[in-house]
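A closer look at the structure
Each chain, letter by letter, is given below.
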Amino acid sequence: QVQLVESGGGLVQAGGSLRLSCAASGGTFSMYAMGWFRQAPGKEREFVATITRSGGKTAYADSVKGRFTISRDNAKNTVFLQMNSLKPEDTALYYCAALFTVSDYFSRSPSTYNYWGQGTQVTVSS
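Analysis parameters
- Residues numbered from 1 in each chain as written.
- Predicted model: local features only at pLDDT ≥ 70, side-chain atom pairs only at ≥ 80, totals over all residues.
- Heavy atoms only, no water.
- Salt bridge = Lys/Arg side-chain N within 4 Å of Asp/Glu carboxyl O.
- Helix = DSSP H or I, 4+ residues; strand = E, 2+ residues; numbered from the N terminus.
- Buried < 20%, exposed > 50% of the residue type's maximum accessible area, 1.4 Å probe, protein only.
- Pairing = 2+ DSSP bridges.
- Axes fitted to C-alpha atoms, helices over the stretch in contact; angles between N-to-C directions.
- Contact = heavy atoms within 4.5 Å.
- Core = buried A, V, L, I, M, F, W, Y, C linked by side-chain atoms within 4.5 Å.

For the structure on display, the rule yields 4 salt bridges. In this structure, the salt-bridge partner of Glu-46 is Arg-38, at a minimum N-O distance of 2.5 Å. Where Arg-38 meets Asp-90, a salt bridge forms, and the shortest distance between an N and an O atom there is 2.9 Å. Of this pair, Arg-38 sits in strand β4 (residues 32–39) while Asp-90 sits in the loop between β8 (78–83) and β9 (92–100), and the two are 52 residues apart along the sequence. Under the relative-accessibility criterion, Asp-90 is labelled buried at 0%. Counted as one network, the salt bridges with shared partners bring together Arg-38, Glu-46, Arg-67 and Asp-90.

Okay, structure coming up:
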């Protein structure tokens, strides 16, 4: 059983930056692809970014490409999401998720992920 705990959310003005962290415990972190998703009030959960077990490959939603960067530190069992040039439409509850995989694979689909954190709120004011 993998436990995921997100941190780093908060209130920021448009154009600002935040760095989210997700600390994992209870499993072999390097066996999991990791993803970040978000959910705004009244909307479905949506894909934000994902990274392979090794960290060698990443993918982003078009809405965040060029502004957000996903990375991981397997020695510290942590995945990060650096968010720059934030916009009010980035306001959401941000979740990290873990996907067990035997290959260097990632996924944009939330239904494929095995474990989820509780989320951290990001609010961007205009």
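Once that is clear, we can look at the sheet that holds strand β7 (residues 68–73). An order of β1-β3-β8-β7 is seen for the 4 strands of this open sheet, with the pairing classed as antiparallel. Two strands close off the open sheet at either side, each with one partner strand: β1 (3–7) and β7. Here the average twist between neighbouring strands, direction ignored, is 15 degrees. Here β1 runs beside strand β3 (residues 18–25); their pairing, made up of 5 bridges, is antiparallel. What sits directly across from Gln-3, in β3, is Ser-25.

This part is about the environment of Thr-58. Position of Thr-58 relative to the elements: it lies in strand β6 (residues 58–60). Through-space distance from the C-alpha of Thr-58 to that of Met-34 is 9.7 Å; in sequence the pair is 24 residues apart. Apart from the residues within four sequence positions on either side, Thr-58 is in contact with Thr-50, Ile-51, Ile-70 and Phe-106.

Further remarks concern the nonpolar core. Buried together is how nonpolar side chains tend to be arranged in soluble globular proteins. In this structure, Leu-4, Met-34, Trp-36, Leu-81, Met-83 and Tyr-94 are the most contacted members of the largest nonpolar core, which totals 38 residues. Elements with a contribution of two residues or more to this core: β3, β4, β5 (46–51), β6, β7, β8, β9 and β11 (120–125). Take this core: its biggest share by element is 6 residues, from β9. Ignoring sequence-local partners within four residues, the contact set of Met-34 consists of Leu-4, Cys-22, Phe-29, Ala-49, Thr-50, Ile-51, Ile-70, Arg-72, Val-79, Ala-97, Ala-98 and Tyr-113.

Distances and angles like these do not, on their own, reveal function.
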